[in-house]
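Coordinate analysis (summary)
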Amino acid sequence: MARPSEAITQQIESLRTTIELHNYRYYVLNEPTIPDAEYDRLFRKLQQLEQQYPELVTLDSPTQRVGATPLTEFFQFKHRTPMLSLNNAFEATEVEAFDRRLCEEIATHAIEYSVEPKFDGLAVSLVYEQGLLTVGATRGDGHTGENITHNLRTIQSIPLRLPLENPPVYLEVRGEVMILKADFIQLNQHQEKKGEKLFANSRNAAAGSLRQLDPSITAQRRLTFFAYGIGVLEPPSGTLKRHSDVMTYLVSLHFPIAKEHQIVQGPVGLLTYYQWMMEQRERLLYDIDGVVYKVNNLSDQIRLGFVSRAPRFAIAHKFPAQEAVTQLLGIDVQVGRTGTLTPVARLAPIFVGGVTVTNATLHNEDEIKRKQIMIGDFVIVRRAGDVIPEVVAIVPEQRSVNVTAFTMPDYCPVCGSHAVRLTGETITRCTGGLFCPAQRKQAILHFASRRAMNIEGLGEKLVDQLVDHAIIRTPADLYKLGIAALSQLARMAEKSASNVLYAIEHSKHTTLARFIYALGIRHVGETTAKDLARYIGQMDRLMMMNVEQLQQVHDIGPIVAESIVDFFAEPHNREVIEQLRVTGVHWDESQEVLEYMLNPEVQGKAFVLTGTLPNLTREAAKTLIEQSGGKVTNSISTKTHYVVAGADPGSKYHKAVELGIPVLDETALFDLLETQIIKPVS
DNA sequence: TTACCTCGAGCTCA
DNA sequence: CTCGAGGTAA
């Protein structure tokens, strides 16, 4: 094979630059300057040269958007700056309150806002190192998302490299992936022709496309990207002073942004923009579910900081929830884990807010009475984005004579036990306890759940069958299951049965905290279970404690203590625990020893985490602190003993300084905990 | 709450 | 081919 000459290298480079430029003109500006045929010719020429000189192929070449090999799994990606969500406003009054609060905070009476549509797609983060796209990831929980670089690379409006001579060392661009309305219609037509399933709405189609393991499928979907912010920029820029400067900067980097982006003044500006966008909505090329307001001045943004998971300097003003009318076919009564009877509306399927709604909770008896709902009524159903569907009201004019009233049953619909509603409460409860199959099923499901005993493969359908066939009655019975009992069930042939048995066996070795949580004691969630395990250390001790003793434990008050005592007063519960231990469920009860060894500087102290630590994930830092006897809480107060701050800390950092609380970085934390990093925790 | 993807495995029919 | 479980997203 011929060695590439200098001329060839240059020709390839110039072809790439030209093609990227036309890509930009076509996909971002929507103003192609050359005919498609000419573009194709350039593209083929580049492909041909790259074929001839494979050693010159680079990842940022426009020919390399679709990587050859499908993945086998997704990998996690940790965001350097967390991807936060926004607080929502639905009413003009909320927007005004937002503005008032900010004015007070930054002591001014007129705030300049940068405003833009709120895209209805999927938030992603794009990482550019030395100007090259290296990683693209989903939002995930805000701190850690999924690495979907292979799929994001197929999106033509995302630059593979930045058009700069001297690109920043590190840049994280935040934006949204969507499918344009027209492309969505086309995609569904295409799906229909192929006899494949139709997508319910454009957001689900975009989400589905991004979750493909094989990027060649993603490449066939016309996905679009719009940028709306920057996560990290290194080195920092001195010229970016306002959010609108950031947007201009993004444009200069050839990122598409919403044309409808504007700068407005004060609350009147915000609401005028809202009205305007509402009028524009139909005409837009993409789906939106509201507008976003951000304080334009970046130093004001920093000053305002964050509240828990959302910035205080921005808010999403959502469009009114979509509503539709449908018939209430019936009201089922569901039994929850604690025996609560919840009325659930069974609705004639209705398409509203992008999905088909068939159920909606009616909360409780009073709610139904208040709204005067009768079975057979036509009702207004409302749904907004991620908000749970709701029956707003009935349509009285459409009421027929055949409607029937709903009454809360006096007996549990599942087990027939008495259902009682205590005076002053709105909730009706089944008194059957674990005699009630519905409660038993959910108790077992909870026991097996990931955060409790983590028995993989024991899902709802299997538990249904096991309880219905009276194969098991309590969680303890799980450990007495044999292959014979299992394999008589539907969808439980040899392989599945042995997998489940293996998972059950595997779960026998657990921790005290998990075990306590798994019992499903009322008011004892994961955190309380951990506290109990840490402070009490032994199951037997826990079972003997009275209300007063329990309240000595941090964060346990009279209600929780009472609930724990009640649980263990029940002979049945003691019996189940005994059986679980007999069948081999075990954990380390050496907590006392551990506690003795704990550093008193850490033992029982409250830690607050903020910012991103270099090596530890938030989860890992939390576990580490807890293992050393400390507690991790979310909000900072005078009771906080230490604040652990990483890169880009939020407002908690400033508060810590204000309150004079010691601030630790990761190294100082390790020193305090006297632990060594063995390897970065993934 | 609904919808989507993926995987393993069971079921069905030729 | 279909189902259930598990995970993700809004």
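Structure report, in brief. (Residues numbered from 1 in each chain as written. Chains lettered and ligands numbered in written order. Predicted model: local features only at pLDDT ≥ 70, side-chain atom pairs only at ≥ 80, totals over all residues. Heavy atoms only, no water.)

Moving on: unusual backbone geometry. Omega for the bond connecting Glu-234 with Pro-235 falls within 30 degrees of zero, at -5°, which places this linkage in the cis form. The topology assignment puts Pro-235 in the loop between strand S8 (223–234) and helix H8 (243–252). Positive phi values are uncommon outside glycine, yet Asn-30 reaches one of about 55°. With respect to the element layout, Asn-30 can be found in the loop between helix H1 (6–28) and helix H2 (36–52). Not every positive phi belongs to a glycine, and Ala-470 is a case in point at roughly 55°. (Helix = DSSP H or I, 4+ residues; strand = E, 2+ residues; numbered from the N terminus.)

Attention shifts here to the packing of helix H21 (residues 558–569) against helix H22 (residues 571–582). Their axes nearest at 5 Å, the elements H21 and H22 cross at an angle of 75°. What the angle tells us is that H21 and H22 run roughly perpendicular. Facing Phe-567, Phe-568 and Ala-569 of H21, the residues of H22 in contact are Pro-571, Asn-573, Arg-574 and Ile-577. Considered class by class, the residues forming the contact of H21 with H22 number five nonpolar, one polar and one charged. (Axes fitted to C-alpha atoms, helices over the stretch in contact; angles between N-to-C directions. Parallel < 35°, antiparallel > 145°, perpendicular 65-115°, else oblique. Contact = heavy atoms within 4.5 Å. Nonpolar A, V, L, I, M, F, W, Y, C, P; charged D, E, K, R; others polar.)

Moving on, we come to the pattern of salt bridges. One pass over the structure, following the stated rule, counts 28 salt bridges. Here Glu-365 ties to Arg-421 by a salt bridge, and the two come within 2.9 Å at their closest N and O atoms. Placement of the pair is Glu-365 in helix H11 (residues 365–370) and Arg-421 in strand S19 (residues 419–421), with a sequence separation of 56 residues. Look at Arg-421 and you get partly exposed, because its relative accessible area is 32%. Linked through salt bridges whose partners overlap, the residues forming this network are Glu-13, Asp-60 and Arg-161. (Salt bridge = Lys/Arg side-chain N within 4 Å of Asp/Glu carboxyl O. Buried < 20%, exposed > 50% of the residue type's maximum accessible area, 1.4 Å probe, protein only.)

Moving on, we come to the environment of Ala-529. By the element assignment, Ala-529 lies in helix H18 (residues 526–536). Residue classification places Ala-529 among the buried positions, given a relative accessible area of 0%. Residues Ala-529 and Ala-518 lie 11 residues apart in sequence; the distance between their C-alpha atoms is 8.9 Å. If we ignore the near neighbours within four places in the chain, the residues touching Ala-529 are Ala-513, Ile-516, Tyr-517 and Val-524.

The environment of DNA strand B is formed by 20 residues, the closest being Ala-200, Leu-213, Thr-356, Lys-495 and Ser-496. Protein-adjacent atoms of DNA strand B, using a 4 Å cutoff, are sugar or phosphate at a proportion of 98%. In the environment of DNA strand B, a phosphate oxygen lies 3.5 Å from a nitrogen or oxygen atom belonging to the side chain of Gln-212. Contacts to DNA strand B include Asn-359, whose backbone N or O atom sits 3.3 Å from a phosphate oxygen. Residue assignment for the surface near DNA strand B shows that the elements contributing at least two residues are helix H6 (202–210), strand S16 (355–361) and helix H16 (494–507). The biggest single contributor to the surface near DNA strand B is S16, with four residues. Along the lines of polarity and charge, the residues of the surface near DNA strand B split into eight nonpolar, nine polar and three charged. (Near = heavy atom within 4 Å. Polar contact = N/O pair within 3.5 Å; in protein donor to acceptor, adjacent residues only side chain to side chain.)

Turning our attention to a nonpolar patch on the surface. On the surface, Tyr-653, Val-657 and Val-663 cluster together into a nonpolar patch covering about 230 Å² of accessible area. Tracing the backbone shows Val-657 in helix H25 (residues 651–659). (Patch = residues over 30% accessible without salt bridge, like charges linked within 9 Å, V, L, I, M, F, W, Y side chains within 5 Å. Areas by Shrake-Rupley, 256 points an atom, 1.4 Å probe, with all protein chains shown as cover.)

Turning our attention to the sheet that holds strand S10 (residues 288–295). Read from one edge to the other, the open sheet built from five strands follows the order S2-S13-S10-S3-S9, with strand pairing classed as mixed. The two strands at the open ends of the sheet, each matched to only one other strand, are strand S2 (88–89) and strand S9 (262–265). Pairing analysis gives four bridges linking strand S3 (residues 112–119) to S9, with the strands arranged antiparallel. From the neighbouring strand, Tyr-113 faces S9, where its bridge partner is Val-264. Here helix H9 (residues 266–280) sits on the sheet and contacts S3, S9, S10 and strand S13 (314–318); the angle it forms with S9, its principal contact strand, is near 135°. (Pairing = 2+ DSSP bridges.)

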